[in-house]
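Fold and geometry: a report
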Amino acid sequence: MPEPVTADIPVVRLDPLGTDHHGEATRMRELGPVVRVILPGDVSAFAVTTHELVAELVANPVMSKNWRNWNKVQSGEITDEWPLAGMVMVTNMVTTDGETHQRLRRPITKTFTRSRVEDLRPHLVANVGKLLDALPSHAVDGVVDLRQHFANPVPMDMVCELFAVPVDWRPRLQELAYNVFRTNNTAEEVAATQRERHDMLTRLVESKRADRGNDLTSALIELGDQGEETLTQEELIDSIWVFLTAGHETTLSLIVNGVRALLTHPDQLRLAVNENRWADVVEETLRWDAPVGNIPARYPLEDTEIAGVPIAKGEAILAPYAGVCRDPEQHGADADNFDITRPPRKHLAFGGGPHFCLGAHLARLEGTVALPALFSRYPDLRLAVEPSELTPVPSFVANSAAALPVRLD
Ligand code: HEM
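This report concerns the structure included in the present document. In every chain, residue numbers begin from 1 and rise along the written sequence. Where local features are concerned, this predicted model is filtered to residues with pLDDT of at least 70; where side-chain atom pairs are given and counted, the filter is 80 or more; whole-chain, interface and lining totals use all residues.

**Quick notes on the pairing of strand E9 (residues 317-320)**
- Note on burial: count the other C-beta atoms lying within 10 Å of the residue's C-beta; 20 or more is buried, 12 or fewer is exposed, in between is partly exposed, and C-beta positions come from the backbone. Helical segments are the DSSP runs of H or I of at least four residues, strand segments are the runs of E of at least two, and each set is numbered from the N terminus. Burial along E9 is two-sided: the residues Ile317 and Ala319 and Leu318 and Pro320 are all buried.
- For two strands to be treated as a pair, DSSP must find no fewer than two bridges joining them. Pairing of strand E3 (residues 43-48) with E9, which is carried by 2 bridges, proceeds in the parallel orientation. Looking at the pairing, Phe46 lines up with Ile317 of E9.
- Note that strand E6 (residues 294-300) and E9 share 3 bridges and pair antiparallel. Opposite Asn294, over in E9, you have Pro320 as the bridge partner.

What follows is the structure in structure tokens.
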């Protein structure tokens, strides 16, 4: 087994507060294709820094997503009290490989179809309209936090609608989902979030077993009852939780990042409005300011080598998605510019390989409905603070602003 390489590989302490995702990613890329990173709790891992290497990493079957294969878990250095445990040390499709992963993913791909998403369009349009109507009522001294009152409720409502989560539970679930992506949680906070979300989703599944409807929870239970694709009660609860977390913070970040990009690039906003280029806005926002910063982690099942760097079996390797979406090798020398007319090139905002995002179609639908509706209703929308005053979400996973104060007119 090769010695873990520390001496000649550059080391970067990842900022747990995600203060400067893009600057950090550029600095890492400049240091080389593979760097060592230090995670909260002084835990060391690797990161690859180019589009090409991340694309290879996420498609490579030798790279396990199961945290039980992490050598630091096996040695007891990482326990469930680690600040990132609520995100990393869970058992669901995100953290399984091969046949187990397929068994957990297949029921979702069978029931979460494009037509089910498209059927939700009228609900989405109506909800977006309602939220836009209500925005002035949230103004304090003429300023509205668009993240809290628009970007936040849109995706949570959609995922909850999909799974038939009762309306009055949605605000609390929103808070619990947000907690998972913070990388500065205490051990008590992690445990409390896990307990509460488990109780709520157990109640949801039990109520749907008793009273089926035209929703994804019922469809998954039904599939199990027919003897196809059986998920245990715990797997079903965990799958719903994956949707609530993976589908919420990411999509709200897409909306926040899209608004922020357009308000700071008025020429691009004019183009989007005049030429109805909202699909391009969504795609360029995903690339230029990808909602997922760094995803922990993948663990090689055997000793391996990436770009000439030996990496021992069981080391953790991060995929810095937001960083490589600005890799000039893939997106050109102007990769740092927000340009909705950019010819499409493959980006990794939704990941790749067998774990490619299951909600990409829903996220794109939400972006292409929410953004034009917002700018059509409030054509004079503007930021209420300088762009440099926007505070990032305290996370190296979620890449977005923690608040988006705007003036509506
Ligand atoms: C702009 C919005 C979104 C972005 C940027 C995004 C990004 C990603 C990325 C990068 C991954 C791969 C993670 C990895 O490599 O481990 C992923 C996986 C996943 N996403 Fe999304 N996502 C978004 C929206 C959604 C939505 C709306 C849903 C569902 C409602 C969703 C559900 C999932 C699920 C279930 C997985 C895990 C798939 C698997 O492990 O097989 N995502 N997403």
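Next comes the rest of the write-up.
**Considering the nonpolar core**
- Take the buried Ala, Val, Leu, Ile, Met, Phe, Trp, Tyr and Cys residues, join any whose C-beta atoms are within 7 Å, and the set you get is a nonpolar core. Among the nonpolar cores identified, the biggest contains 100 residues, and Ala45, Phe46, Ala47, Ile255, Ile317, Leu318 and Tyr321 are the most heavily contacted of them.
- The residues contacting Ile255, other than those within four sequence positions of it, are Ala151, Val154, Gly367, Ala370 and Leu371. We call two residues in contact if the C-beta atoms placed from their backbones are at most 7 Å apart.

**Looking at the site of the ligand**
- For each residue, a C-beta atom is positioned from the backbone; the residue is called near a molecule or strand if that atom sits within 6 Å of it. As a structural note, the neighbourhood of the ligand is formed by 26 residues, with Gly247, Thr250, Gly351, Cys357 and Gly359 the closest of them.
- Of all the secondary structure elements, the ones that give two or more residues to the shell around the ligand are helix H13 (233-246), helix H14 (249-263) and helix H19 (360-377).
- For the shell around the ligand, the residue count by class is 19 nonpolar, 6 polar and 1 charged. Only Asp, Glu, Lys and Arg are considered charged in this grouping, and only Ala, Val, Leu, Ile, Met, Phe, Trp, Tyr, Cys and Pro are considered nonpolar; every other residue, Gly among them, is considered polar.

**Digging into the sheet that holds E3**
- Spatially, the 6 strands line up as an open sheet ordered E1-E2-E3-E9-E6-E4, and their pairing is mixed. The open sheet has two edge strands, strand E1 (11-13) and strand E4 (63-64), and neither has a second partner.
- With 6 bridges connecting them, strand E2 (residues 34-39) and E3 associate as antiparallel partners. Looking at E3, one finds that Val37 is bridged to Ala45.
- Every angle, taken between N-to-C directions, lies between 0 and 180 degrees, and every axis is a line fitted to C-alpha atoms, over only the stretch in contact when it is a helix. Along the sheet face, helix H2 (residues 51-59) touches E3, E4, E6 and E9 and points at about 125° away from the line of E9.

**Here's the deal with the sheet that holds strand E11 (residues 405-407)**
- Spatially, E5-E11-E10 is the arrangement adopted by the 3 strands of the open sheet, whose pairing is antiparallel. For this open sheet the edge positions go to strand E5 (144-145) and strand E10 (382-383), each flanked by a neighbour on one side alone.
- Bridge count for E10 against E11 is 2 bridges, and the pairing is antiparallel. Paired with Leu383 across the bridge in E11 is Val406.

**Some points on helix H7 (residues 121-134)**
- Taking 1.5 Å as the rise per residue, H7 with 14 residues should run 20 Å; its terminal C-alpha atoms sit 20 Å apart, in good agreement.
- Within the span of H7, buried status applies to Leu124, Val128 and Leu131. Axial view of H7: buried residues confined to an arc of 65°, hence all on one face. Of the exposed residues in H7, those oriented more than 90 degrees away from the buried face are Pro122, Ala126, Lys130 and Asp133. A helix's residues, less one, multiplied by 1.5 Å, set its expected span. Directions drawn from the helix axis to the C-beta atoms are what define this arc.

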